[in-house]
Each structure stands twice: as structure tokens, then as C-alpha cells.
Amino acid sequence: MNTKDTFFSHLLELRNRLLKIIAGLVVVMLALMPFANDIYIFLATPLMQSLPEGGQMIATEVTTPFFVPLKVVLLAAFIISAPHTLYQLWAFIAPGLYSNEKHLIAPLVITSVILFLCGMAFAYFLVFPVVFGFITSTTPDGVAVMTDIGKYLDFIIGLFIAFSLAFETPVAVVLMVTAGIVSITDLREARSYVIVGAFVIGAIITPPDIISQFMLAIPMWLLYEAGIVVAGMMQKQVQQYEN
């Protein structure tokens, strides 16, 4: 098989894998559609529990009550179908990897998914109650808290992404060490800069209260340290194998 045929065969394989990913996402979405409002209520619970008596959420646009639950279902379907998506991606790239690369990438991918979900859970169960409690407690007297459901969804998606990406810090550290971009010594020497950077990122991403800033910065720093430990252990194993 010549280079041109190989290229087109890869494109065909990629197309088939993408179609399977989309099909899996659509199937999960259709299965979740009857529960769209229930899923939104679950996501809105941290804010609803923090609202003062009489507080409620509102829809300020005609189509919002329809499109917001639809976006929620899409988000939930993306998360639930992630294992299927990752399997399809793995099936596409695995044949072109060496044995040692497969042994490295597979655990990193699984760890990435787990850490991503842990970041979302951390944000929902620990950060959201603090953030919304702070926001509602600072509301001036005479002001009724009535948050638009669409803007609320956009806000929590932003926080979900921020905390999920922050929880990927160990994976990023291990990848940089494995690729030879930085050394363990470099990472340890950069510790003070990382701590400052984590607090800066926390101040930019989270609402203007110091508690939520700490709740993003401290896990990011601790996960950075965990990444250094794991990368160091992997280096020792590689050295022992080579010797």
C-alpha cells in the first residue's frame, strides 16, 4: 500500500471513529432528554439552597426554558459518553504507538478522566455552596435575588471547566517530565512561582471572595506536588528498567 492509500485509509478510519463518537453522544442525549429538567434542578440546587426566602430563578428570554435544559443534557451526555469517546480515540491512535507509549498513555488518559470528574465534583459539592453563599449574603437590603437560568448555567460551566482543568495539573506535570521538557529539579525550583500563579489564577477565575480563591489555588498547588512525586517515581522505574 502506497503513502496515498495509507493516508486515505487513515482518513476513512478517522471518519468512522468520529461518526461512532457522535452516535454515542446522540444516543445518550436522547436517553437523557426526558430527565432534562431534573438534571437542571440538580445543577441549580447549590444556588437554590443559598437563596433567601422568596428567592427564585427566572428565564428572561422566550426560548431560554427550552434551550437551557437542552444544553444541560448536552453537557451530561458529553460526560457520560466520555468513556466511549476515549475508547474510539484510543482505537484510532493505538495501532501507531510503540508498546512503551501504550503503557504510558493508557494510564494517563484514565487518570485524566478521573481527575476531570473529581474537579467537577469538587466544584459542585464544595465550591458552589461557598460561592453562592457568599454572593447571596452580600446582596443589599431590598434587592431580590432572581438569577437567570441561562446565565447561571454559563457561570457554573465556566467554574466546572476551571476546576476540572486545575485538577489535570498532575497529568500535565508527568507529561512534561516524560517528554523531557522539564526536569524534576526544575519543577521543584519553580514551586514558589507555581504557588503564586495558582493564587493569581484563582483570583481571576473565581468570584471575588478569598475562600473560593483558596479553594482553587490550594488544590492546584497540592496536585502540582503530587505530579512531581508521581513523575519522580516513574523516572526511578525507568532507570531501574534500563539498568
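Look up a bit, the structure's there.
None of the values given here were measured: they were computed from a predicted structure.

Q: Before we go on, may I ask you to explain the overall build of the protein in this structure?
A: Summing up its helical and strand segments, the protein has 10 helices and 2 strands in all. Starting at the N terminus and walking to the C terminus, you meet the elements of the protein as α-α-β-α-α-α-β-α-α-α-α-α. The C-alpha extent of the protein, read off along each of the three principal axes, is 70 × 45 × 25 Å. Looking at the protein residue by residue over its 243 residues, the buried ones come to 35%.

Q: Could you clarify how one ought to interpret the side chain of Gln88 in this entry?
A: Looking at where Gln88 falls in the secondary structure, it is placed in helix H4 (residues 82–93). Once residues within four sequence positions are removed from consideration, Gln88 is found in contact with Arg17, Lys20 and Ile21.

Q: Sorry, what's going on with the packing of helix H3 (residues 64–80) against helix H6 (residues 149–166) here?
A: Relative orientation and spacing of two packed helices are given, respectively, by the angle between their axes and the distance between those axes. At a minimum axis distance of 9 Å, the contact between H3 and H6 shows a crossing angle of 20°. Overall, the two elements H3 and H6 adopt an arrangement that is roughly parallel. For H3 against H6, the interelement crossing comes out left-handed. Seen from H3, the contacting residues are Thr64, Pro65, Val68, Lys71, Val72 and Leu75; seen from H6, they are Ile149, Gly150, Leu153, Asp154 and Ile157. Each residue belonging to the contact of H3 with H6 can be placed in one class, and the counts come to 7 nonpolar, 2 polar and 2 charged.

Q: Please clarify how the packing of aromatic side chains should be interpreted in this entry.
A: Centre distance and the angle of the planes are the two values used to describe a pair of aromatic rings. The tally for this structure, following the rule as stated, stands at 12 aromatic pairs. Ring geometry for Tyr40 versus Tyr152: centroids 6.4 Å apart, planes at 75°, classification edge-to-face. On the criterion of sequence distance, the pair formed by Tyr40 in helix H2 (residues 36–50) and Tyr152 in helix H6 is long-range, its members being 112 residues apart. No difference in accessibility class separates Tyr40 from Tyr152, as the two residues are buried.

Q: For this particular structure, what's the right way to read the packing of H2 against H6?
A: Two elements in contact, H2 and H6, have axes whose closest approach is 11 Å; the angle formed by their N-to-C orientations is 85°. The orientation of H2 relative to H6 falls into the category roughly perpendicular. Contacts between H2 and H6 pair Tyr40, Leu43, Ala44, Pro46 and Leu47 from the former with Ile149, Tyr152, Leu153, Ile156 and Phe160 from the latter. Looking at the contact of H2 with H6, its residues break down into 10 nonpolar, no polar and no charged.

Q: How should I be thinking about the environment of Arg15 in this particular structure?
A: Structurally, Arg15 is set in helix H1 (residues 3–32). Distance from Arg15 to Phe116, taken between C-alpha atoms, is 26 Å for residues 101 residues apart in sequence. At 3.2 Å, the side chain of Arg15 forms a polar contact with the side chain of Asn16.

Q: Is there a simple way to think about the nonpolar core in this case?
A: The tendency in soluble globular proteins is for nonpolar side chains to be buried side by side. Counting residues in each nonpolar core, the largest one holds 51 residues, and the members touching the most others are Tyr40, Phe128, Tyr152, Ile156 and Phe160. In terms of residue count, helix H5 (residues 99–137) provides more of this core than any other element does, 10 residues in total. Those residues in contact with Ile156, other than ones at most four positions away along the chain, are Leu43, Phe128 and Phe132.

The rules behind each value
Residues numbered from 1 in each chain as written. Predicted model: local features only at pLDDT ≥ 70, side-chain atom pairs only at ≥ 80, totals over all residues. Heavy atoms only, no water. Helix = DSSP H or I, 4+ residues; strand = E, 2+ residues; numbered from the N terminus. Buried < 20%, exposed > 50% of the residue type's maximum accessible area, 1.4 Å probe, protein only. Contact = heavy atoms within 4.5 Å. Axes fitted to C-alpha atoms, helices over the stretch in contact; angles between N-to-C directions. Parallel < 35°, antiparallel > 145°, perpendicular 65-115°, else oblique. Left-handed = near helix turned anticlockwise from the far one by under 90°. Nonpolar A, V, L, I, M, F, W, Y, C, P; charged D, E, K, R; others polar. Phe/Tyr/Trp six-rings, centres within 6.5 Å; stacked < 30°, edge-to-face > 60°. Polar contact = N/O pair within 3.5 Å; in protein donor to acceptor, adjacent residues only side chain to side chain. Core = buried A, V, L, I, M, F, W, Y, C linked by side-chain atoms within 4.5 Å.

Structural measurements only, silent on function.
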